[in-house]
Amino acid sequence: MKIVVVSDTHRNFRAFNNVVEQNLNADLFIHLGDGQNEFFDVAATHSDKKFLIVKGNCDFGDLDEELVANLETCRIYCNHGYNINIDVGVETLLEKAAYHNCEIALYGHTHVFKTALIDGIYVMNPGSLDNPRGKNPPTYGIIEISSAGEIVMNIVEYRP
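All of these numbers come straight from a predicted model, not from anything done at the bench.

Colleague: How would you explain the side chain of Thr139 if you had to name every residue and give the values?
Modeller: Here Thr139 shows up in strand E9 (residues 139-145). The residues contacting Thr139, other than those within four sequence positions of it, are Phe113, Pro126, Gly127, Ser128, Leu129, Ile155, Val156, Glu157 and Tyr158.

Spelled out as structure tokens, the structure:
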């Protein structure tokens, strides 16, 4: 299973749509918030694909602030991060992922990419497609999960 993870697209329809177009073989696209406007437009453009989103601090409306994706081989906890103090660390993210029996925990908000294996939980921030921080390029994430449940996470530099 291939999962594409994006965050913090901040009204950049073109970048998000390009990532989808470049990964049409993906089974699932997860948006970690701050991009609900373009999320719904891209999802409508690719109505044959599966999309999930959580609410970011710049999103408005009736979106969930967290969700658990139940896949055949694992569970994924998703949260933008602003509501769990992700700026100061991933401790609350890990607690919530463990509480929901998730093998993977995803977050955004910081605009800085990260992958790690912490206390048996795979952690990813895909960075930002629109406004990366520091000297980082625009990035997104790809998670590959084998039928045996093996998990591989990669950060991909976005190229239009």
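Colleague: Tell me what's going on with the packing of aromatic side chains, and back it up with residues and numbers.
Modeller: Tallied over the entire structure, the rule returns 5 aromatic pairs. Measuring from centroid to centroid gives 6.4 Å for Phe16 and Phe51, while their planes differ by 90°, and the two rings are edge-to-face. Taken together, the residues Phe16 in helix H1 (residues 13-22) and Phe51 in strand E3 (residues 51-53) connect sequence positions 35 residues apart. Of the two residues, Phe16 and Phe51, both sit in the buried class. Judged by centre distance (5.1 Å) and plane angle (20°), the ring pair of Phe29 and Phe51 falls under stacked. Taken together, the residues span a long stretch of sequence, with Phe29 in strand E2 (residues 28-31) and Phe51 in strand E3 at a distance of 22 residues. These aromatic residues form a ring-pair network of at least three members: Phe16, Phe29, Phe39, Phe40 and Phe51.

Colleague: If you had to explain the sheet that holds strand E8 (residues 121-125) to someone new, which residues and values would you point to?
Modeller: Pairing is mixed in the open sheet, where 5 strands are placed in the order E4-E5-E6-E8-E7. Edge positions in the open sheet fall to strand E4 (66-70) and strand E7 (114-118), since each of these has one partner strand only. For this sheet, the mean inter-axis angle between neighbouring strands, taken without regard to orientation, is 20°. The strands that helix H3 (residues 91-99) touches are E4, strand E5 (75-79), strand E6 (104-106), E7 and E8; relative to E8, the one it contacts most, it runs at about 130°.

Colleague: Can you break down H3 residue by residue, with the values?
Modeller: If you check which residues of H3 are buried, you get Leu93, Leu94 and Ala97. Buried residues of H3 fall within an arc of 95° about the axis and therefore sit on the same side. Facing away from the buried surface of H3 by more than 90 degrees, the exposed residues are Glu95 and Tyr99. Phi for Asn101, located one or two positions after H3, is positive at around 55°.

Colleague: So what's going on with the pattern of salt bridges? Residues and values would help.
Modeller: When the charged atoms of two side chains lie near each other, side chains of opposite charge can form a pair. For the coordinates displayed, the defined rule picks out 2 salt bridges. Measuring nitrogen to oxygen at the nearest pair gives 3.6 Å for the salt bridge that ties Arg159 to Glu157.

Colleague: Can you explain the sheet that holds strand E10 (residues 151-157)? Please cite residues and give values.
Modeller: Read across the open sheet, the 5 strands follow the order E3-E2-E1-E9-E10; overall the sheet is mixed. Because the sheet does not close on itself, it has two edges, and the strands there are E3 and E10. On average, each strand axis in the sheet is tilted by 20° relative to the strand beside it, whichever way the strands run. Here strand E1 (residues 2-6) pairs with E9 via 4 bridges, running antiparallel. Counted as the bridge partner of Val5 is Gly141 from E9. Most of the contacts of H1 go to E1, to which it runs at about 170°, and overall it touches E1, E2, E3 and E9. Set on the sheet, helix H2 (residues 36-45) makes contact with E2 and E3; between it and E3 the angle comes to about 170°.

So, how was this worked out
- Throughout this document, residue positions are counted from 1 along each chain, in the order its sequence is written.
- In keeping with the model being predicted, local features are shown solely for residues with a pLDDT of at least 70 and side-chain atom pairs are shown and tallied solely at 80 or more, while totals for entire chains, interfaces and linings include all residues.
- Side-chain descriptors were evaluated using all non-hydrogen atoms of the structure, hydrogens and water having been removed beforehand.
- Secondary structure elements follow DSSP: runs of H or I no shorter than four residues count as helices, runs of E no shorter than two count as strands, and numbering proceeds from the N terminus.
- Contact between two residues is taken to exist if any of their heavy atoms lie within 4.5 Å; hydrogens are not considered.
- Put simply, two rings from Phe, Tyr or Trp (the six-membered ring, in Trp's case) pair if the centres are within 6.5 Å, and we call them stacked under 30 degrees between planes, edge-to-face over 60, tilted for the rest.
- Throughout, exposure labels follow a simple rule: accessible area from a 1.4 Å probe, protein chains only, divided by the maximum for the residue type, with under 20% read as buried, over 50% as exposed, and the rest as partly exposed.
- DSSP bridges decide pairing: two strands pair if at least two such bridges lie between them.
- Helix axes are fitted to C-alpha atoms over the stretch in contact, other axes to C-alpha atoms as well, and angles between N-to-C directions run from 0 to 180 degrees.
- The arc refers to the directions leading from the helix axis to the C-beta atoms.
- By definition, a salt bridge exists where a carboxyl oxygen of Asp or Glu is found within 4 Å of a side-chain nitrogen of Lys or Arg.

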